[in-house]
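Now for the letters of each chain:
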Amino acid sequence: MDRLFAPWRIEWIKRDLKNPTIDECVFCELPERAADRENRIVARSDRSFVMLNNYPYNPGHVMVIPRVHTGDYGALDDEVVLDHARLKQRTLAAVEEALDVDGFNVGLNLGDAAGGSIDDHVHTHVVPRWAGDTNFMPVVGDTKVIVEAIEATYDQLHDAFAAQEDASVEAEDRAVEFDW
């Protein structure tokens, strides 16, 4: 097995000040604020929400996040698990529609050793993939090239979510709401 080391990521993991405007949990506090677009929250349901990753692996990298604060996936009740799953389905459809992807990596980082920087609030990463989207830059240049601004991705995903059944939009700067 070959191993690729990315030592530059340790600076992100070990940084002291994660977010100076957050007192407790970023996934609990940001959905309570009115600034969805500013906070990259693109869609919501009763028990979950979708947020763009500020440090994406690829354009369109989002997280589907239950509103319940727990790091234990098994602690989520059936209603939350179903809502989270339904919003993941809608997310896959929106990303596919907006970004014409060839595939996805979808997964949870559970526990401190799993590699995620937030281990006390369950969240599912949805990472769009395209044939040939990995090139020599991360290996040779220690650089991952993200070819689209997060704001442009937000707009495309917002439109794709808004076009779905059961979707409603209060305002362009607010997340798309789903009621099922």
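Summarised in this report is the structure supplied together with it. The model shown is predicted, which means the values in this text are computed figures rather than measured ones.

Before going further, it helps to spend a moment on the side chain of His 123. Locating His 123 in the fold gives a position in the loop between strand S4 (103–108) and strand S5 (124–129). Within the structure, His 123 has its side chain in polar contact with the backbone oxygen of His 121 (distance 2.8 Å). Among the polar contacts made by the side chain of His 123, one reaches the side chain of His 125 at a distance of 3.4 Å. What His 123 contacts, discounting residues up to four positions off in sequence, is Phe 27, Met 63, Val 64, Ile 65, Pro 66, Gly 107, Leu 108, Asn 109 and Ile 118.

As a further point, take the nonpolar core. Membership of the largest hydrophobic core comes to 20 residues, with the highest contact counts inside it found for Val 42, Val 50, Leu 52, Leu 157 and Phe 161. When residues of this core are traced back to their parent elements, those giving at least two are strand S1 (41–44), strand S2 (48–52), strand S3 (62–66), helix H3 (78–99), helix H5 (150–162) and strand S7 (176–178). Residues Cys 25, Phe 27, Leu 30 and Ile 65 belong to the second largest nonpolar core, which totals 10 residues.

This part takes up the pattern of salt bridges. Considering all chains together, one arrives at 8 salt bridges under this definition. The partner of Arg 33 in a salt bridge is Glu 29, with the nearest N and O atoms 3.8 Å apart. Owing to a relative accessible area of 18%, Glu 29 belongs among the buried residues under this scheme. Across the pair Asp 166 and Arg 90 runs a salt bridge whose closest N-O atoms are separated by 3.5 Å. With Asp 166 in the loop between H5 and strand S6 (167–168) and Arg 90 in helix H3, the pair connects residues that are 76 residues apart, well separated along the chain. Accessibility expressed as a relative area gives 38% for Asp 166, which makes it partly exposed. Several salt bridges converge on common partners, so that one network encompasses Asp 36, Arg 44, Arg 174 and Glu 177.

Moving on to the sheet that holds S1. Here we have 7 strands laid out as an open sheet, ordered S4-S5-S3-S2-S1-S7-S6, and mixed in their pairing. Two strands lie at the open edges of the sheet, namely S4 and S6, each paired on one side alone. Pairing geometry for S2 and S3, over 5 bridges, is antiparallel. Bridge pairing links Met 51 to Met 63 in S3. Lying on the sheet, H3 is in contact with S2, S3, S4, S5 and S7; it crosses S3 at an angle near 165 degrees. Running at roughly 20 degrees to S1, H5 makes contact with S1, S2, S3, S6 and S7 of the sheet.

What counts, and at which threshold
Residues numbered from 1 in each chain as written. Predicted model: local features only at pLDDT ≥ 70, side-chain atom pairs only at ≥ 80, totals over all residues. Heavy atoms only, no water. Helix = DSSP H or I, 4+ residues; strand = E, 2+ residues; numbered from the N terminus. Polar contact = N/O pair within 3.5 Å; in protein donor to acceptor, adjacent residues only side chain to side chain. Contact = heavy atoms within 4.5 Å. Core = buried A, V, L, I, M, F, W, Y, C linked by side-chain atoms within 4.5 Å. Buried < 20%, exposed > 50% of the residue type's maximum accessible area, 1.4 Å probe, protein only. Salt bridge = Lys/Arg side-chain N within 4 Å of Asp/Glu carboxyl O. Pairing = 2+ DSSP bridges. Axes fitted to C-alpha atoms, helices over the stretch in contact; angles between N-to-C directions.

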